[in-house]
Structures are given as C-alpha cells and as structure tokens.
Amino acid sequence: MKINNLNVGFNKKEVLKKINLDITAKKVTAFIGPSGCGKTTLIRCLNRMHEMTQGAYVKGDIFLDNTNIYDQKVNPITVKRRIGMVFQKPNPFPTMSIFDNVASGLKLNGVKDKALIQRIVKESLEGAALWEEVKNELNQPGISLSGGQQQRLCIARSLAMHPEVLLMDEPTSALDPIASAKIEDLIHELKKYLTIVIVTHNMQQAARVSDYTAFMYLGELIEFGKTKEIFENPKKELTERYLSGKFG
C-alpha cells in the first residue's frame, strides 16, 4: 500500500496532516504514538472506514497495488473485502455460532456451496490458530469463547474473505498476557501471506512483532523506518523522547 499526501479530519477539525507512507507487502507495519495522535484514524482510512463517520473527510490518495481505493469508481465494499480489520475489543456476532461467525461474510457475498463454506471456515480457523480448540464446538455461540479466543475468531472471520491486507487496531489491549502472546505468534505466521498493519500503545509489542514502525505525534508522521533502526537509533529527537518514556 502507498499513502500519498493524506489529510484527514472531521468537519473543520484536521486530524491527520500530509501523511506519506509506503507499507511493504507481507511485512508487519506498526503505528505507535501517544493517545490522540491519529493512529486509529489513519488505520481506519486504509479500508475506508473513516468516511463512514458523519462529517468525516479524506483528502489525498491511498493505493492498494495500483488502485487508488478512494477513486470514485472504486466500490468501498470491494475495498473492505481486500483489506480486513480486527478491532481493539473482540466483536463476534453475539447471536451466531462459531461456525456462522466465520461463514457470515461468505454468505453475505452470495456463497452458497456448503462444502466450500465448510472448507473455508476450517482453513480460516486453522489460519487463526483456533481450529484445534473449537473443532468440536462449532455450533456453540461465538461469545462463549474466552476473550483471546474471541479475538482469534474475529481474525478467522476476516481471513475467510481472503484479504490481501489485515488491519489490527490494538488487537491485544483487552487481553491477558497469555492470550496476547498467542496473537503475537499468530501475527508472525500470518505475515507469510498477508500484509499486516497494527496500531499499538505497547512499544515492546511493536518491537517484537513489526518489521517497520511509524511514529506519529499530533496528527503528523514524525519518523518511519525499519523497526530495529527506529528503536535503536531514532533520527528525530521527538521519537527518542517518546521511546525513552519522557512523554506519552
């Protein structure tokens, strides 16, 4: 993905200013920065969720391969199929079984072949490292799972649509350390065939899971580069101050 001169806001309030950023395929890119710096707004722009908020505006271009996802000819629904999203709080559909949670997107998009649906559900749960834990409980409600399992169920639900990019907005902030570690292990596996963008307040997590890190402050991209270089040898004083805990 490529972000060109992105300016974003709500009504007259500008939230993001002149963001330029390249997101490398099949790598993990982390957005870090203090609360209110624009991380979540930026990630929501990457699959056109931001514009769903009343009064929101987006100026600039975001390219997926060679397609500008904000081109008027591009269907936002198509964008959301290609770019999945996992939120801070696990949000399985409360009235649906584990199986139907994963199959829901397929059915909404007109897939009726039961054998195909069953295969994709199994593959998606395997991809989310959840199959072995739930294979005998597929008819149980998705909300009957633990918090960490629910989050992996939501990841499986996204994987079922075969996205090219997976966005993760604070995916472990509501989880205990053991469940968080499982999600981090899963991220390492998923990047073998997916491009992943993660928003995190946890700098240690960013250092562990990401290949590239973008540090944001007050709606601006302060510094971007390989994670090891950002954490060990930041070029900007503001980045160094944030990483050393002097503010944030």
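These numbers come from a predicted model, not from an experiment.

## Structural notes on helix H7 (residues 177–190)
Relative to the 20 Å expected for 14 residues at 1.5 Å per residue, H7 spans 20 Å between its end C-alpha atoms, a close match to the ideal helical length. Along H7, the residues classified as buried are Ala 179, Ser 180, Ile 183, Glu 184, Leu 186, Ile 187 and Leu 190. When H7 is viewed along its axis, its buried side chains cluster within an angular range of 160 degrees and face the same direction. Facing away from the buried surface of H7 by more than 90 degrees, the exposed residues are Pro 177, Ile 178 and Asp 185. Where H7 is buried, its residues contact strand E3 (28–32), helix H4 (114–127), helix H6 (147–159), strand E7 (165–169), strand E8 (195–199) and helix H8 (203–209). Where H7 starts, the residue carrying a side-chain oxygen 3.0 Å from the main-chain nitrogen of Ile 178 turns out to be Asp 176.

## Brief notes about the pattern of salt bridges
Side chains that carry opposite charge are capable of pairing whenever their charged atoms lie near each other. Summed over the entire model, instances satisfying the criterion amount to 14 salt bridges. Across the pair Glu 132 and Lys 135 runs a salt bridge whose closest N-O atoms are separated by 2.9 Å. By relative accessible area, which is 34% here, Lys 135 ends up partly exposed. In this structure, Glu 189 engages Lys 192 in a salt bridge whose closest nitrogen and oxygen atoms are separated by 2.9 Å. Several salt bridges converge on common partners, so that one network encompasses Asp 65, Arg 82 and Glu 164.

## What about the sheet that holds strand E1 (residues 2–10)?
Strands sit in the order E2-E1-E4-E5 across an open sheet of 4 strands; the sheet is antiparallel. The two strands at the open ends of the sheet, each matched to only one other strand, are strand E2 (13–22) and strand E5 (67–68). Pairing of E1 with strand E4 (residues 56–64) involves 7 bridges; the strand directions are antiparallel. Counterpart to Val 8 in the pairing with E4 is Val 58.

## Let's talk about the sheet that holds E3
Strand order in the open sheet made by the 6 strands is E6-E7-E8-E3-E9-E10, with mixed pairing throughout. The sheet is open, and its two borders are formed by strand E6 (83–86) and strand E10 (220–226), each paired with just one other strand. The sheet shows a mean angle of 15 degrees between the axes of neighbouring strands, taken without regard to direction. Pairing analysis gives 6 bridges linking strand E9 (residues 212–217) to E10, with the strands arranged antiparallel. Bridged to Tyr 212 within E10 is Lys 226. Across the sheet, H6 touches E6 and E7, and the angle it forms with E6 is around 170 degrees.

## Here's the deal with the environment of Met 52
Here Met 52 lies in the loop between helix H1 (39–45) and E4. Classification of Met 52 by relative accessible area gives exposed; the value is 58%. As a C-alpha pair, Met 52 and Leu 145 span 93 residues in sequence and 30 Å in three-dimensional space.

Rules of the game
- Residue indices follow the written sequence of each chain, beginning from 1 at its first position.
- Predicted model: local features are reported for residues with pLDDT of at least 70 only, side-chain atom pairs are reported and counted for 80 or more only, and whole-chain, interface and lining totals are derived from all residues.
- As a rule here, side-chain values come from all non-hydrogen atoms in the structure, and water together with hydrogens is ignored.
- Numbered from the N terminus, helices here are DSSP runs of H or I no shorter than four residues, and strands are runs of E no shorter than two.
- For a helix, the expected span equals 1.5 Å multiplied by the number of residues minus one.
- Per-residue accessibility, obtained with a 1.4 Å probe over protein chains only, is compared with the maximum for each type, and a residue is labelled buried under 20%, exposed over 50%, and partly exposed between these values.
- Throughout, the arc means that of the directions going from the helix axis to the C-beta atoms.
- Between two residues, a contact is recorded if the distance between any of their heavy atoms is within 4.5 Å.
- Polar contact is the term for a pair of N or O atoms within 3.5 Å; when the atoms are in protein, one must be able to donate a hydrogen and the other to accept it, and sequence-neighboring residues count only if both atoms are side-chain atoms.
- Just to be clear on terms, a salt bridge is a Lys or Arg side-chain nitrogen sitting within 4 Å of an Asp or Glu carboxyl oxygen.
- At least two bridges found by DSSP between two strands is the condition for calling them paired.
- Angles shown run from 0 to 180 degrees and are taken between the N-to-C directions of axes, each axis being a line fitted to C-alpha atoms and, for helices, limited to the stretch in contact.

Taken by themselves, the reported measurements are silent on function.
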